[in-house]
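What the coordinates show
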Amino acid sequence: MPLKRYFQKGLIEAGCDEAGRGCLAGPVFAASVILPAGFRHPLLNDSKQVTEEHRYELRPVIEQRAIAWAVAMIDHEEIDRINILKASFKAMHLAIDQLTTRPELLLIDGHIFPPYFGIVHECVIGGDAKYASIAAASILAKTYRDDYMMRIHEEYPQYGWNENKGYGTASHRKQIKENGLSPYHRKTFGICKEVNNQNPATPTVM
């Protein structure tokens, strides 16, 4: 089914999505995108349904053709302080703050969202596979977060962030058990919380 181009015709709509919510390490990123009314691209879809190659092919197209777009992040330390749900919402709000065109409606991927002052919103479960603007936001959030994880992989290559991007794969969890936590791990998440409670030594750069 092709992506819908708008929720309510005639309004300036911004799609919003996040990436990295379920990770054990690194920040959460969010993006907000306002697409022109006639925007179409055959590769555009939910970032989870698009290959890495195609995500990076789409990113400059979205950035060049969008009426406005913005990306924001909340780091792992703040995630631990305020929790990942609040951090995801804050990242979305920060991305909306940066838009150079003010939207009249926000399309949010998910089922809940704290209102953004002065702009109505519509939550859409699975919205990144339904609306073009949310799909575009998912592509930007995912690629910018992946770029970040690739950079910090250079500091701590033992965790394999170039492959797992901070998600809790079996290999990543194994490396946490063997090496302890890096400074980029979320200490309130799953196995990271268990290991942190054991006060492991911070791993050295390899």
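Residues numbered from 1 in each chain as written. Predicted model: local features only at pLDDT ≥ 70, side-chain atom pairs only at ≥ 80, totals over all residues. Heavy atoms only, no water.

1. Topic: the overall build of the chain
Using the following cut-off: Numbering goes from the N terminus for both helices and strands, where a helix is a DSSP run of H or I of at least four residues and a strand is a run of E of at least two. As a reference, a globule follows 2.2 Å times the number of residues to the power 0.38, and the radius of gyration itself is taken over C-alpha atoms. Relative accessibility under 20% of the residue-type maximum defines a buried residue, over 50% an exposed one, and the middle range a partly exposed one, all with a 1.4 Å probe and only protein chains included. Residue contacts are counted whenever heavy atoms from the two residues lie within 4.5 Å of one another. To be clear on the numbers: accessible area is Shrake-Rupley with a 1.4 Å probe, and residue cover counts the displayed protein chains and nothing else. Counting rule for charge: Lys and Arg are taken as positive, Asp and Glu as negative, and neither His nor the chain ends is counted. To locate a charge, take NZ of a lysine, CZ of an arginine, CG of an aspartate or CD of a glutamate.
Within the chain, the regular secondary structure consists of 7 helices and 5 strands. The order of helices and strands in the chain, counted from the N terminus, is β-β-α-β-α-α-β-β-α-α-α-α. Here the C-alpha atoms of the chain give a radius of gyration of 18 Å, agreeing with the 17 Å that 2.2 N^0.38 yields for 206 residues. Along the first, second and third principal axes, the C-alpha set of the chain runs to 55 × 35 × 30 Å. Of all 206 residues assigned to the chain, the portion counted as buried reaches 51%. Here the contacts in the chain between residues at least 6 apart in sequence split such that 63% fall between residues at least 24 apart. A total of about 10200 Å² of accessible surface is found on the chain, and carbon and sulfur atoms cover 52% of it. For the chain, the distance from the average position of its 24 positive side-chain charges to the average position of its 24 negative side-chain charges is 4 Å.

2. Overview of the packing of aromatic side chains
The test is simple: Aromatic contacts are taken between Phe, Tyr and Trp rings whose centres are within 6.5 Å, Trp giving its six-membered ring; a plane angle under 30 degrees counts as stacked, one over 60 as edge-to-face, and the others as tilted.
Per the counting criterion, the structure on display carries 8 aromatic pairs. With centroids separated by 5.2 Å and ring planes inclined at 15 degrees, the aromatic side chains of Y159 and W161 adopt a geometry described as stacked. What makes Y159 buried here is its relative accessible area of 1%. With 6.2 Å between their ring centres and 90 degrees between their planes, W161 and Y184 make a pair best called edge-to-face. Linking W161 in helix α5 (residues 161-164) with Y184 in the loop between α6 (170-179) and α7 (190-197), this pair joins segments that are 23 residues apart in sequence. No difference in accessibility class separates W161 from Y184, as the two residues are buried. Chaining the aromatic ring pairs together yields one cluster made of Y156, Y159, W161 and Y184.

These figures come from the coordinates and say nothing about function on their own.
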